[in-house]
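Chain by chain, the residues:
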Amino acid sequence: MPFEKIVPPSEGTKITVESGKLHIPDQPIITFIEGDGIGYDIMTASRRIWDAAVEKAYNGARRIHWMEIYSGEKAAQLYDGNYMPEETFEALRQYHIGIKGPLTTPVGGGFRSLNVTLRQVLDLYACVRPVRWYRGVPSPLKDPGKTDIVIFRENTEDVYAGIEYEAGSAENKKLAAFLRNEMGAQFFEDAGLGIKPISAFASKRLVRKAIQYALDRGRKSVTLVHKGNIQKFTEGAFRKWGYEVAAQEFGDVTITEDDLWEKYNGKQPEGTIVIKDRIADIIFQHLLLRPDEFDVLATMNLNGDYLSDAAAAHVGGVGIAPGANIGDEVAMFEATHGTAPKYTNLDKVNPGSLLFSGVMMLEYMDWWEAANLINTAFEKTIEQKIVTYDFARQMEGATEVGTSAFATAIIRNMD
Ligand code: NAP
């Protein structure tokens, strides 16, 4: 059925997925959601950079054909107040890859976050956040170059599942009575109650994705991050299921940390991935003091939420932290910051977060040459101290430029 408002580009081919494997044509159609607030500025600048890198890397043999799809305020205008039209989901199901700017969550009146809705409806169960430092980017660490990790955060369950009962409500009283009378649980009167579901299914598919990523990208370890010492049957179970996936599905290419020392005397055999685990609280310290001991991290929703923003701060903050939410058939790459409404249409903010989400997308498509061109040109631009306001205020002698001029400088530095 044709779309109501979405206009497919006149050229380009659909990406396909067969038996879980992505097939990327040389002229793929890729969907984008511009985003609210600063969305227009950062999407316009980033698309110029992605297109220039693809053109430069493949001399016209490859090209992205963009198809705009709608969510947020732009959707509400086009679809008569509907912030999340059904055909946006349908387009993502059909075209498999999307990239989006930030979306406002309308305040009040029965709205769930549009971002959360997208993840839930499309079952984008893995939130992937690479955290690496680019030369010249201001950082609070002495040696930020040691940080090069990728966090896989489970997106669909944990305390985010929305199973919560307000203190004093009838549901809360019913649940409290059941827990006290039938399960022997003890807790204070008038406690709000929330349920933390952690399943084998969701834990295993997340860890499976993290291990597969580590294998595909030549990474050395996957660390399961959990509070299993306290929450034995949820976070502890995540740890157990994580090790099970590794042993049962990747037994020939994974070893445990114990194996590493007991069988291999601390020398990791070529082509293997070490599976280890750390308690969630200490990982924050480890990532500050010994970040080079970590590579891919896999964890549940709440731990992952805290961890990915904290780690992003080590290498330049949310202004440049990229991210993606990935399921089995659809991947959505997206800026990790919000709509920064006070900067709307001022051509001022840093496009880095969206830009590097696009770099992740190019890597996901195996278009490494284009991705690498952007990485190198970005570093060169920062080294020339041509930066947007957020970096300028942390750097001596910087030349502050707007979003579009920053993009122009990056494109120039691809030569
Ligand atoms: P925000 O939009 O992320 O902005 C907070 C601050 O972060 C800004 O004032 C700015 O700091 C800095 N910042 C954000 N993006 C930047 C960029 N590209 N370059 C440089 N600095 C940047 O957070 P918020 O103000 O809490 O949220 C605003 C709206 O965004 C809300 O409606 C919220 O629901 C939504 N939101 C959406 C997403 C998403 O779509 N994924 C995520 C988070 C929030 P300075 O003021 O110091 O310059």
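Residues numbered from 1 in each chain as written. Predicted model: local features only at pLDDT ≥ 70, side-chain atom pairs only at ≥ 80, totals over all residues. Heavy atoms only, no water.

Here's the deal with the site of the ligand
1) Next: In the vicinity of the ligand there are 22 residues, among which G338, A340, Y343, N350 and Y389 approach most closely.
2) Next: Within the side chain of N115, a nitrogen or oxygen atom sits 3.0 Å from an oxygen atom of the ligand.
3) Next: Between K342 and the ligand, the recorded distance is 2.8 Å, taken from a side-chain N or O atom to an oxygen atom.
4) Next: For the ligand, whose free accessible area comes to 880 Å², the fraction covered by protein is 67%.
5) Next: Contributing elements (two or more residues each) for the shell around the ligand: β15 (331-335) and α13 (389-392).
6) Next: Looking at side-chain class alone, the shell around the ligand contains nine nonpolar, eight polar and five charged residues. (Near = heavy atom within 4 Å. Polar contact = N/O pair within 3.5 Å; in protein donor to acceptor, adjacent residues only side chain to side chain. Areas by Shrake-Rupley, 256 points an atom, 1.4 Å probe, with all protein chains shown as cover. Helix = DSSP H or I, 4+ residues; strand = E, 2+ residues; numbered from the N terminus. Nonpolar A, V, L, I, M, F, W, Y, C, P; charged D, E, K, R; others polar.)

Examining helix α1 (residues 39-58)
1) Next: Under the 1.5 Å per step criterion, the end-to-end length of α1 is 28 Å for 20 residues, consistent within 8% with the ideal 28 Å.
2) Next: One or two positions beyond α1, positive phi appears at N59, with a value near 55°. (Expected span 1.5 Å × (residues − 1).)

Regarding the packing of aromatic side chains
For any pair of aromatic rings, the description consists of the separation of the ring centres together with the inter-plane angle of the planes.
1) Next: Within the structure shown, the criterion is met by 11 aromatic pairs.
2) Next: Geometrically, the ring pair formed by Y343 and Y389 is tilted, given 5.1 Å between the ring centres and 45° between the ring planes. In this pair, Y343 sits in the loop between β15 and α11 (352-364) while Y389 sits in helix α13, placing the two residues 46 residues apart along the sequence.
3) Next: On the accessibility criterion, Y389 (14% relative accessible area) is buried.
4) Next: An aromatic cluster is defined as three or more aromatic residues linked by ring pairs; in this entry it consists of Y134, F356, F378 and F406.
5) Next: One residue, R153, lies across the ring of Y160, its end atom 5.4 Å from the ring centre.
6) Next: Over the aromatic face of F187 sits the side chain of R180, whose NZ or CZ is 4.3 Å from the ring centroid. (Phe/Tyr/Trp six-rings, centres within 6.5 Å; stacked < 30°, edge-to-face > 60°. Buried < 20%, exposed > 50% of the residue type's maximum accessible area, 1.4 Å probe, protein only. Lys NZ or Arg CZ within 6 Å of the ring centre and 35° of its normal.)

Looking at the environment of L114
1) Next: Residue position: L114 is located in helix α4 (residues 114-121).
2) Next: When the C-alpha atoms of L114 and Y83 are compared, they prove to be 7.8 Å apart, with 31 residues separating the residues in sequence.
3) Next: Those residues in contact with L114 that sit more than four places away from it in its chain are S71, G72, Y83, M84, L103, T104 and T105. (Contact = heavy atoms within 4.5 Å.)

Some thoughts on the environment of K209
1) Next: Inspection of the secondary structure puts K209 in helix α6 (residues 200-216).
2) Next: Taking C-alpha positions, K209 is 9.9 Å from Y125, a pair spaced 84 residues apart along the chain.
3) Next: With sequence-adjacent residues up to four places away left out, K209 is seen in contact with Y125, A126, F152, I326, G327 and D328.

Quick word on the packing of α6 against helix α7 (residues 235-249)
How two helices pack is summed up by the angle between their axes together with the distance between the axes.
1) Next: Direction vectors running N to C along α6 and α7 enclose 55°, while the axes themselves pass 9 Å from each other. Our classification of the angle between α6 and α7 gives oblique. Here the hand of the crossing between α6 and α7 comes out right-handed. Contact residues: A200, S203, K204, L206, V207, R208 and I211 in α6; F238, W241, G242, E244, V245, A246, Q248 and E249 in α7. (Axes fitted to C-alpha atoms, helices over the stretch in contact; angles between N-to-C directions. Parallel < 35°, antiparallel > 145°, perpendicular 65-115°, else oblique. Left-handed = near helix turned anticlockwise from the far one by under 90°.)

Overview of the pattern of salt bridges
1) Next: Throughout the structure, instances matching the rule amount to 30 salt bridges.
2) Next: In this structure, the salt-bridge partner of K74 is E34, at a minimum N-O distance of 3.3 Å. Residue K74 is located in helix α2 (residues 73-78), and its partner E34 is located in the loop between β3 (29-33) and α1; the two are separated by 40 residues in the primary sequence.
3) Next: Judged by its relative accessible area of 29%, K74 falls in the partly exposed class. (Salt bridge = Lys/Arg side-chain N within 4 Å of Asp/Glu carboxyl O.)

Considerations on the sheet that holds strand β6 (residues 126-132)
1) Next: Pairing within the open sheet is mixed, and its 11 strands lie in the order β4-β3-β5-β15-β14-β6-β7-β13-β10-β12-β11. Both edges of this open sheet fall to β4 (65-68) and β11 (254-256), since each of them pairs with a single strand only. Across this sheet, the average inter-strand angle for adjacent strands is 25°, counted without regard to direction.
2) Next: As judged from the four bridges shared by strand β10 (residues 221-226) and strand β13 (residues 296-299), these two strands associate in the parallel manner. Counterpart to V225 in the pairing with β13 is T299.
3) Next: Sheet strands in contact with helix α3 (residues 86-95) are β3, β4, β5 (97-100) and β15, and its direction is about 150° off that of β3.
4) Next: Relative to the sheet, α7 contacts β10, β11, β12 (273-279) and β13, its axis offset from that of β10 by approximately 160°. (Pairing = 2+ DSSP bridges.)

This is a description of form; function is not addressed.
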